Structures are given as C-alpha cells and as structure tokens.
Amino acid sequence: MVVVGPTGIGKTRAAFELARRMGGEVVVADSRQAYARLHIATNHPPDEYRTAVGYHGIELVDPVVGAVNVHDWLTIALPAIEDIRGRGRTAVVEGGSMLWVDALTEGFDLAGAPPDPERRQELVATSVELLAARVRELDPQAAVDFANPRRLVRAVEILEAHGPPLSARRGQRPPRWPALRIGLEAPMPEIERRLRQRSREQLERGLVEETRAALDAGVRRDHPVLSGIGYAEALAYIDGAITEEELPQRMVASNRRYARRQLGWFRRHPQTNWLPAEPDPVPAMLKLLESAD
RNA sequence: GGCGACGUAGCCAAGUGGUAAGGCAGAGGUCUGCAAAACCUCCAUCCCGAGUUCGAUUCUCGGCGUCGCCU
C-alpha cells in the first residue's frame, strides 16, 4: 500500500500507525529522509516509531560521504518490499518525493545508464544551447525540455550510453504486488497552519545548530540535503542573508510551494483514494483496507 | 520651523521625453538516475494635482508622505 500527500499533513504518523496496527513495516520514499545526520528538517520519524515498527529507505547514506538518487533508493526499496511481503507482512510506502513514488509504483526503467561523475561534470559546465544541440544531434526525435539543463544533461548521458531513441529508454514495468494508494489531503489554509507550527518546532529543536554541525562535519554546502526546505533557509540565516525573523517565514513559504506542487502531482494519479487528513485519517484508512481485502 | 534627499508591483530595485530591466514573493504548468531539485508561463502603466510638450514615469510648480541633518 502507498500513502501519499503533501508535506506537513501528517503522513509520518499516519504511515506509522497503519504499519503498527497491521503489523507492517514502513518504506519511506523521500529524497531527504534518505540521508543520515540531518534529522530535524528532513522529518525523520522519531525513535519511538522506529523501535515499534521496521523502517526502510531512511538514513541510507551520510551526506558527508555521498548522495542518493531515485535509482539508489529503488535498489533498497524494491528488495525491502519483496522481503516484507515474503514474510507475510504489509509494506506501507510513505511518500514524499513525487518522482520516487512514481518510479516505484509505475516501475520506471530509469534508462540503465548510471551517471558518470566525470562526464556529468563536463556536461554541467556546458551551456544550455550546446546541450540542446548535442541532444538533437544524438536523437532528433528526443522529447525533452530543451530549456532545462538538468534534463538535457541526463538525456545526453542516456543517449551517449545507449544511442537513440531516447524514448526506448523510458519504459515502465509496474510491480507485481497490488498497491492500494491512499492520498491525504486538507485545505491549503489548514496545511499552512500545520507548516507554521512545524517550522517553529524545528527551529526550537535546533535546526540552525544541526545545520552548523553538518557543515563543521564536512557536509558540502551544495549537497542536496542542504538544499532541502529548512536547511536552505538555515544556511541563508547562517550566512547573514536573512534575519532570524525571516527564517521561519521563508521556511513556511518554501513548504507551501512544495505542498502545492506535491498535491498537483499526486492528484494527477487516477487511482488514489483521497482521505481528509483532519482530524485523524487513520480510522478511515483502516476501514478502506478492510473493504479492499 | 529651515535645509537636503527620496516617493516605480506585496517586498527589494534599475531606468528613459515617446507608452516601464531584474530579483524575491504570488498564481499556473512541466517532470523516467540531482526531483524539498531544475525548468517554463503569467503578474505595474511609475504618490496626488496643475503646467511645459505632438507626447511625461522621466522636466517645472504646488500638495501629501517618508528619511536625514539643522534650529
């Protein structure tokens, strides 16, 4: 089963409760929770949750050491789900990152072309125009966003590894296990209220200190985890670019934008059972599961 | 009260006598190995009034407001 929804809506608790009551385990599909060391603004589940229920997909690597992408995460998530199911238990996938959820539930191919760090470095330093020209040269039919450097870089990587057409590398093989998809939703003002509270709590728990400690430990400032909501703002505050007063406001603004994007993305998926996140979605979720059996 | 500066979108901010850069925020989109990322689209008639002018946001005068200095 898959639980999706925008940030700040209480997915962590809902997924945990579901897993606990059903004797299942949680697989987190979240590009920031995949990192160790940073806990506060990545919204890692609290220790009580982790001791009560098995968790997968979180704290996969220390950001001092490296980064994780969708593919890396899938190599953990897919076997974890197989394993959980093999033991006759329920896997509760909690997301999170839109692409990661879809890559799992739709079974994206991901092209079988791992990025080569050196080549990528060269490509990243190349202008959009040249990248676009390179893609057109390699595959005149390529359907990519020709204004987006990241998409172009990836297209070049795939095409240089396999040749055209690009579309041949973007198939889908949906997983065999049945996935009941549950979406949590709430009106934006309500989500915003929760985000304001969560941002405040994160600051009280020492978000800025955690960010400083990560920098001191050697996490690069351009590491993906520090581009996450909360850390990006804390970094700006540490640099003196924003004031202490602006900090929580910026956090809420970033979160709001992200929540809207998530809702837009998740709502496009046809087979989602949407449930209100307030006051407590768990009973409705359990009921839905019973009727689905 | 006097002197000076300023008054451009929610905020910051460029600019020109011929019908207003950019950034942030906001709204709407895209999305198959960086996805909490990246990218795309939209979003003002320039404090008010009078004057000069073919034409003023840009020049002049008056008003209002803000800031600084002085008494």
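Just so it is clear, the structure is predicted and the values come from calculations on it, not from any experiment. (Residues numbered from 1 in each chain as written. Chains lettered and ligands numbered in written order. Predicted model: local features only at pLDDT ≥ 70, side-chain atom pairs only at ≥ 80, totals over all residues.)

**Structural notes on the environment of Ala14**
Selection criterion: Helical segments are the DSSP runs of H or I of at least four residues, strand segments are the runs of E of at least two, and each set is numbered from the N terminus. The burial label depends on the number of other C-beta atoms within 10 Å of a residue's C-beta. Counts of 20 or more mean buried, 12 or fewer mean exposed, and intermediate counts mean partly exposed, with C-beta atoms placed from the backbone. Remark: residues whose backbone-derived C-beta atoms lie within 7 Å of one another are considered to be in contact.
Along the chain, the position of Ala14 falls in helix 1 (residues 11-22). C-beta crowding within 10 Å serves as the criterion here: with 23 such atoms nearby, Ala14 is assigned to the buried category. Those residues within four positions of Ala14 in sequence are excluded, and the remaining contacts are Val3, Leu184, Pro281, Val282 and Met285.

**Brief notes about the sheet that holds strand 4 (residues 91-95)**
As a reminder, the rule being used: DSSP bridges decide pairing: two strands pair if at least two such bridges lie between them. Axis definition: a line fitted to C-alpha atoms, over the contacting stretch in the case of helices. Angles run 0 to 180 degrees between N-to-C directions.
Taken together, six strands build an open sheet; the order of strands is 3-2-4-1-5-6 and the sheet is parallel. With partners counted over all chains shown, the strands left at the sheet margins are strand 3 (55-56) and strand 6 (273-276), one partner each. Each of strand 2 (25-29), strand 3 and strand 4 touches helix 3 (residues 70-86); the most contacted strand, strand 2, lies at about 165° to it.

**Details of helix 3**
Applied cut-off: One less than the residue count of a helix, multiplied by 1.5 Å, gives the span that helix is expected to have. In this description, the arc belongs to the directions extending from the helix axis to the C-beta atoms.
End to end, helix 3 covers 24 Å across 17 residues, agreeing with the expected 24 Å (1.5 Å per residue, within 8%). When helix 3 is considered as a whole, its buried residues turn out to be Val70, Trp73, Ala77, Ile81 and Ile84. Viewed along the axis of helix 3, the buried residues span an arc of 70°, placing them on a single side of the element. Turned more than 90 degrees away from the buried face of helix 3, the exposed residues are Thr75, Pro79 and Gly86. Considering only its buried residues, helix 3 is in contact with strand 2, strand 3, strand 4 and helix 4 (98-107).

**What to know about the confidence of the model for chain A**
What counts is decided by this rule: A score between 0 and 100, pLDDT records how confident the predictor is in each residue.
Of all residues in chain A, 100% have pLDDT values of 70 or greater, and the mean over the chain is 94. Scored by ipTM, the complex comes to 0.92, with pTM at 0.92.

**Here we look at the protein's contact with RNA strand B**
Which entries qualify depends on this criterion: Residue proximity rests on one test: whether the C-beta atom, placed from the backbone, lies within 6 Å of the molecule or strand. Throughout this entry, Asp, Glu, Lys and Arg are counted as charged residues, while Ala, Val, Leu, Ile, Met, Phe, Trp, Tyr, Cys and Pro are counted as nonpolar. The remaining residues, Gly among them, count as polar.
Lining the immediate surroundings of RNA strand B are 46 residues, of which Asn69, His71, Ser97, Leu99 and Phe108 lie closest. At the level of elements, helix 3, helix 4, helix 7 (149-162) and helix 11 (246-268) are the ones that each hand at least two residues to the surface near RNA strand B. Looking at the surface near RNA strand B, the element that brings in the most residues is helix 11, giving eight residues. Split by residue class, the surface near RNA strand B holds 19 nonpolar, 15 polar and twelve charged.

**Thoughts on the environment of Gly228**
Topologically, Gly228 is positioned in the loop between helix 9 (207-217) and helix 10 (231-238). It is 22 Å that separates the C-alpha atoms of Gly228 and Ala14, two residues lying 214 residues apart in sequence. In contact with Gly228, not counting residues within four places along its chain, are Arg32, Ala41 and Thr42.

**Considerations on the nonpolar core**
Defined as follows: Put simply, a nonpolar core is a cluster of buried Ala, Val, Leu, Ile, Met, Phe, Trp, Tyr and Cys residues tied together by C-beta atoms within 7 Å.
Membership of the largest hydrophobic core comes to 57 residues, with the highest contact counts inside it found for Val3, Ala15, Val26, Val27, Ala29, Val92 and Val93. Residues contacting Val3, with those up to four places away along its chain left out, are Lys11, Ala14, Ala15, Val92, Val93, Glu94, Ile182 and Leu184. Listed in part, the twelve residues of the second largest apolar core include Leu131, Ala155, Leu159 and Leu166.

**Side note on the packing of helix 8 (residues 188-204) against helix 11**
Stated precisely, the cut-off is as follows: Every angle not falling under 35 degrees, over 145, or within 65 to 115 is termed oblique; those three ranges are roughly parallel, roughly antiparallel and roughly perpendicular. We call a crossing left-handed when the near helix sits turned anticlockwise from the far one by less than a right angle, and right-handed when that turn is clockwise.
The N-to-C vectors of helix 8 and helix 11 enclose an angle of 135°; their axes lie 9 Å apart at closest approach. Taken as axis vectors, helix 8 and helix 11 run oblique relative to one another. Crossing handedness for the pair helix 8 and helix 11: right-handed. Side by side, helix 8 and helix 11 meet where Ile191, Glu192, Leu195, Arg196, Ser199, Arg200 and Leu203 of the first sit next to Leu247, Pro248, Met251, Val252, Asn255, Arg256 and Ala259 of the second. Within the contact of helix 8 with helix 11, the residues separate by chemical class into eight nonpolar, two polar and four charged.

**With respect to the packing of helix 5 (residues 117-124) against helix 7**
Here helix 5 crosses helix 7 at 135°, and the two axes come no closer than 10 Å. As the angle between them shows, helix 5 and helix 7 are arranged oblique. Crossing of helix 5 over helix 7 shows right-handed handedness. Residues Arg119, Arg120, Leu123 and Val124 of helix 5 lie in contact with helix 7, whose contacting residues are Val153, Val156 and Glu157.

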